[in-house]
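# Descriptive structure summary
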Amino acid sequence: MNHIILITGGAGFIGSHLTRLFVNKYPQYKIVNLDKLTYAGNLENLKDIENQPNYTFVKGDITNGDFVNDLFEGYKFTAVLHCAAESHVDRSISDPLAFVRTNVLGTVTLLQIAKEYWKDNLNGKLFYHISTDEVYGSLGNNGFFTEETPYDPRSPYSSSKASSDHFVRAFYHTYNLPVIISNCSNNYGPYHFPEKLIPLCINNILNKKPLPIYGKGENVRDWLFVGDHVQAIDVIFHKGRTGETYNIGGHNEWKNIDIIKELCKQMDEKLGRENGESERLIIFVKDRAGHDMRYAIDATKLKNELGWKPSLQFEEGLSKTIDWYLNNTEWLNHVTSGDYQNYYETQYHKR
Ligand code: NAD
Ligand code: TYD
């Protein structure tokens, strides 16, 4: 099948890796990237593919139904890979409505238009919704999130993503819209916006600025290299079963404090700094409100059904990530100029 795919949010972190993978791997597909270019969207992330004949960028907002409808009319999409979202938990605490608008209203707008546009022939169509493990809530010391774990979102971000997941399933059950959802654990890698823990600390280590660890640094996240995430999406997109949910994760749990120590160690080596120099930048700051304690994914279903498993060990993925930032300081300087400084001051000055 020669797909015509609408990727939403393709100028963001995960979206840009996904767009690059599909544009390069499937020259027979046509890929249209619809992105609003919020603070998190950046066309520099896609410089290497912008002139590929099977790729088009369109600037626009997924909540604008007329605009999205015209795109469907014009391009006759056969599939949607829906990545566009407000994605940062701390921002969701300061401005929950922005998350409802894009994550809930935007998703339902896309679903509604896909349903109308595809209703006469659902054959070969797919609405693929990219979601997060945070919808499952917070774990204690034991256990894992499976596809059967009841939803228990606790932040405005995870609540908005949970709501969008529910709408996607509702469109499957109510209107037979062919859908798939995947829920992935924390990603890291190149082009990650430096508001999130790992790229924020890489940037601060480079600039010898404090490394702000929330609370005691004991919260646990399950980290997956972004390249492995988009490989999993590729497999699920092509081989997954319609109406199903797949969890994606790397069995790679780290306490925040340990991850930052590993990052400091690797960066001291790479920057030729004295061992321990960057660790002295660590400061413990006021905890995030409602801070989820632990996330951990059980990705057995994906492994058993579709044969996917992560390709990179964490230390290796982290090393590749640091190297990318060290070789792309211009990118880092661009995205941390202007509005970023205001965000940083507001977010961290009180902590
Ligand atoms: P991101 O914040 O880096 O990128 C989001 C992109 O969406 C940006 O390019 C932004 O401009 C665009 N966008 C935002 N609002 C829009 C709107 N109204 N209309 C059109 N475009 C809009 O996010 P990310 O980290 O790449 O996450 C992508 C998806 O993956 C999200 O749905 C997120 O919930 C999910 N996810 C992320 C992670 C993670 O660790 N980053 C893990 C699991 C799932
Ligand atoms: P983050 O990268 O924001 O991802 P998420 O909240 O979606 O998991 O945060 C990862 C972990 O790092 C989370 O437990 C919060 C913590 N954290 C800090 O300790 N300091 C920081 O400055 C940030 C941004 C996050």
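Above this text you will find the structure in question.
Below or above, wherever it landed, is the structure these notes cover. (Residues numbered from 1 in each chain as written. Chains lettered and ligands numbered in written order. Predicted model: local features only at pLDDT ≥ 70, side-chain atom pairs only at ≥ 80, totals over all residues. Heavy atoms only, no water.)

Now for the site of ligand 1. Among the 29 residues in the neighbourhood of ligand 1, the closest are listed as Ile14, Asp35, Ser87, Tyr157 and Lys161. At 3.0 Å, a backbone N or O of Gly12 approaches an oxygen atom of ligand 1. A distance of 3.0 Å is found between an oxygen atom of ligand 1 and a backbone nitrogen or oxygen belonging to Thr38. Coverage of ligand 1 by the protein amounts to 97% of the 830 Å² it exposes when considered alone. Elements with a contribution of two residues or more to the shell around ligand 1: α1 (13–25), β5 (126–132), α5 (156–175) and β7 (186–188). By residue class, the composition of the shell around ligand 1 is 12 nonpolar, 13 polar and 4 charged. (Near = heavy atom within 4 Å. Polar contact = N/O pair within 3.5 Å; in protein donor to acceptor, adjacent residues only side chain to side chain. Areas by Shrake-Rupley, 256 points an atom, 1.4 Å probe, with all protein chains shown as cover. Helix = DSSP H or I, 4+ residues; strand = E, 2+ residues; numbered from the N terminus. Nonpolar A, V, L, I, M, F, W, Y, C, P; charged D, E, K, R; others polar.)

Another point: the packing of aromatic side chains. Counted under the stated rule, the structure contains 26 aromatic pairs. Ring geometry for Tyr26 versus Tyr29: centroids 4.7 Å apart, planes at 15°, classification stacked. A ring pair is formed by Tyr340 and Tyr343, whose centres lie 6.4 Å apart and whose planes are at 45°; its orientation type is tilted. With a gap of 3 residues between them, Tyr340 and Tyr343 both fall in helix α12 (residues 339–348), about one helical turn apart. You'll find Tyr340 and Tyr343 in the same group, each marked buried. Three or more aromatic residues joined by ring pairs make a cluster, and in this case those are Tyr39, Phe193, Tyr214, Tyr340, Tyr343, Tyr344 and Tyr348. We note Lys115 situated over the ring of Tyr175; from NZ or CZ to the ring centre the distance is 4.4 Å. For Lys209, the ring lying beneath its charged end belongs to Tyr344, and the centroid distance is 4.3 Å. (Phe/Tyr/Trp six-rings, centres within 6.5 Å; stacked < 30°, edge-to-face > 60°. Buried < 20%, exposed > 50% of the residue type's maximum accessible area, 1.4 Å probe, protein only. Lys NZ or Arg CZ within 6 Å of the ring centre and 35° of its normal.)

This brings us to the site of ligand 2. In the vicinity of ligand 2 lie 18 residues, with Glu134, Arg221, Arg288, His291 and Tyr348 positioned nearest. Contacts to ligand 2 include Asn186, whose side-chain N or O atom sits 2.9 Å from an oxygen atom. In isolation ligand 2 exposes 510 Å². Once the protein is present, 97% of that is buried. Those elements that provide at least two residues to the shell around ligand 2 are α3 (89–94) and β8 (211–214). Top element by residues in the shell around ligand 2 is β8. It accounts for 3 residues. Residue classes in the shell around ligand 2 are distributed as 7 nonpolar, 5 polar and 6 charged.

We now examine the side chain of Lys115. Residue position: Lys115 is located in helix α4 (residues 96–118). On the basis of relative accessible area, Lys115 is assigned to the buried category, the value being 14%. Excluding its chain neighbours within four sequence positions, the residues that come into contact with Lys115 are Phe171, Tyr175 and Leu177. (Contact = heavy atoms within 4.5 Å.)

The next thing to look at is the sheet that holds strand β2 (residues 30–35). Across the sheet, which stays open at both edges, the 7 strands sit in the order β3-β2-β1-β4-β5-β6-β10 with parallel pairing between neighbours. What marks the edges here is a single partner per strand, and that holds for β3 (55–59) and β10 (245–248). Shown here is a sheet whose adjacent strand axes are inclined to one another by a mean of 20°, direction ignored. The pairing of β5 with strand β6 (residues 179–184) spans 6 bridges and is classified as parallel. What sits directly across from Tyr128, in β6, is Ile180. (Pairing = 2+ DSSP bridges. Axes fitted to C-alpha atoms, helices over the stretch in contact; angles between N-to-C directions.)

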